[in-house]
Amino acid sequence: DRDETGVQTCALPIFRENFLPLDLYQEITQYSKNTLYHTPKTNNFSTHHWWQPEIVGDSFPVIIHRLPEETSFYSPVKKFIEDFSGLNADQIFLYYCTTFAYFPWHNDGKRDGAITIYLNDSWNDNWGGYYMFKETEYDIRAIIPKPNLAVLSTGSVWHSTTAVNKNAEIRRSLQVYLGRPKNAQ
């Protein structure tokens, strides 16, 4: 698509501050800290290095924790996101972006969408880890990963992140991949 001046427009993400109800957000945030800094009941971790090379790039590791369905908040967060998006929450993960971790430019074309919810208690502007997206083929916007900020991207949104800087905290987020409802045609 092109706008009235002929510049190519791009699909845009949707942003929601204070996305999750506070009690649910706090429970997930505490779980993300405990899972990273204490021995979890299950060793359900991997890194993103098994993904396609163009999505890994030269990034340092992103630690991934598949959220077990038996966690107390799994069903409430799944329902909340499905009600918001109108899509199935197919997979739910915690992502831990370590120092110098980033995601190169890509879209989630094989998926109908994804929601990222940032979980750090605060984020310093100098720490990097920004979510970036193409507003047009020539304009790029960067979004600071604020606590409880949700970013909904459809499969056609071109996006990336900047690297998490050396003195930053590990950037924690809830990552939910979305698919069409089973009854959709």
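Given the structure is predicted, the values throughout are model-derived calculations rather than measurements.

Visitor: Sorry if this is basic, but what is going on with the overall build of the chain here?
Guide: Along its length, the chain carries 3 helices and 10 strands. Buried residues in the chain amount to 44% of all 185 residues. Taking as baseline every contact in the chain between residues at least 6 positions apart, the subset at least 24 positions apart corresponds to 82%. Looking at the chain as shown, the accessible area adds up to about 10,100 Å², and 50% of this sits on carbon and sulfur atoms.

Visitor: What exactly am I supposed to notice about the pattern of salt bridges here?
Guide: Side-chain pairs of opposite charge can arise where the charged atoms are in close proximity. One pass over the full model with this rule turns up 6 salt bridges. Linking Lys79 and Asp83 is a salt bridge whose minimum nitrogen-to-oxygen distance equals 2.7 Å. One end of the pair is Lys79 and the other is Asp83, both in helix α3 (residues 74–85) and 4 residues apart, which spans about a single turn. The same class applies to Lys79 and to Asp83, which are both exposed.

Visitor: Sorry if this is basic, but what is going on with α3 here?
Guide: Residues three or four positions apart in an α-helix share a direction because the helix packs 3.6 residues into each turn. Between its terminal C-alpha atoms α3 stretches 16 Å, which fits the 16 Å expected from 12 residues at 1.5 Å a residue. Those residues of α3 lying buried are Tyr74, Val77 and Ile81. Projected down its long axis, α3 carries its buried residues within an arc of 75°, all on one side. Opposite the packed face of α3, turned more than 90 degrees from it, sit the exposed residues Lys79 and Asp83. On the buried face of α3, the contacting elements are α1 (22–37), β4 (88–97), β5 (113–118) and β10 (171–179). Just downstream of α3 lies Gly86, where phi reads positive at about 75°.

Visitor: Help me understand α1 in this model?
Guide: Its 16 residues give α1 an end-to-end C-alpha distance of 22 Å, which sits within 8% of 22 Å, the value for a rise of 1.5 Å per residue. Turning to α1, its buried residues are Leu24, Tyr25, Ile28, Thr29, Tyr31, Ser32, Thr35 and Leu36. Down the axis, α1 shows its buried residues gathered within 160° of arc, on one side only. Those residues of α1 that are exposed and aimed more than 90 degrees away from the buried face are Leu22, Asp23 and Tyr37.

Visitor: Even after reading the chapter, I still don't get the sheet that holds strand β9 (residues 159–161), so can you show me in this structure?
Guide: Note: strands within a sheet are paired through backbone hydrogen bonds, in either parallel or antiparallel orientation. Ordered by their spatial adjacency, 3 strands build an open sheet running β7-β6-β9, and the pairing between neighbours is antiparallel. Lying at the two open borders of the sheet, with one neighbouring strand each, are β7 (140–143) and β9. Direction aside, the axes of adjacent strands within the sheet are offset by 25° on average. In this sheet, β9 lies alongside strand β6 (residues 131–134) in antiparallel orientation, the contact comprising 3 bridges. Residue pairing in the sheet places Tyr131 in a bridge with Thr161 of β9.

Visitor: Help me understand a nonpolar patch on the surface in this model?
Guide: Taken together, Trp105, Ile140 and Trp158 make up a surface patch of nonpolar side chains, about 300 Å² in accessible area. With respect to the element layout, Trp158 can be found in the loop between β8 (150–154) and β9.

Visitor: How should unusual backbone geometry be read in this particular structure?
Guide: When glycine is set aside, most residues are seen to have a negative phi, and most peptide bonds are trans. The backbone phi angle of Asn18 is positive, close to 50°, even though this residue is not glycine. Mapped onto the secondary structure, Asn18 falls in the loop between β1 (14–16) and α1. With a relative accessible area of 62%, Asn18 lands in the exposed category. With a phi close to 60°, Asn148 is a non-glycine residue in the positive phi region. Locating Asn148 in the fold gives a position in the loop between β7 and β8. When its relative accessible area of 5% is taken as the criterion, Asn148 is described as buried.

The rules behind these values
Residues numbered from 1 in each chain as written. Predicted model: local features only at pLDDT ≥ 70, side-chain atom pairs only at ≥ 80, totals over all residues. Heavy atoms only, no water. Helix = DSSP H or I, 4+ residues; strand = E, 2+ residues; numbered from the N terminus. Buried < 20%, exposed > 50% of the residue type's maximum accessible area, 1.4 Å probe, protein only. Contact = heavy atoms within 4.5 Å. Areas by Shrake-Rupley, 256 points an atom, 1.4 Å probe, with all protein chains shown as cover. Salt bridge = Lys/Arg side-chain N within 4 Å of Asp/Glu carboxyl O. Expected span 1.5 Å × (residues − 1). Arc of directions from axis to C-beta. Pairing = 2+ DSSP bridges. Axes fitted to C-alpha atoms, helices over the stretch in contact; angles between N-to-C directions. Patch = residues over 30% accessible without salt bridge, like charges linked within 9 Å, V, L, I, M, F, W, Y side chains within 5 Å.

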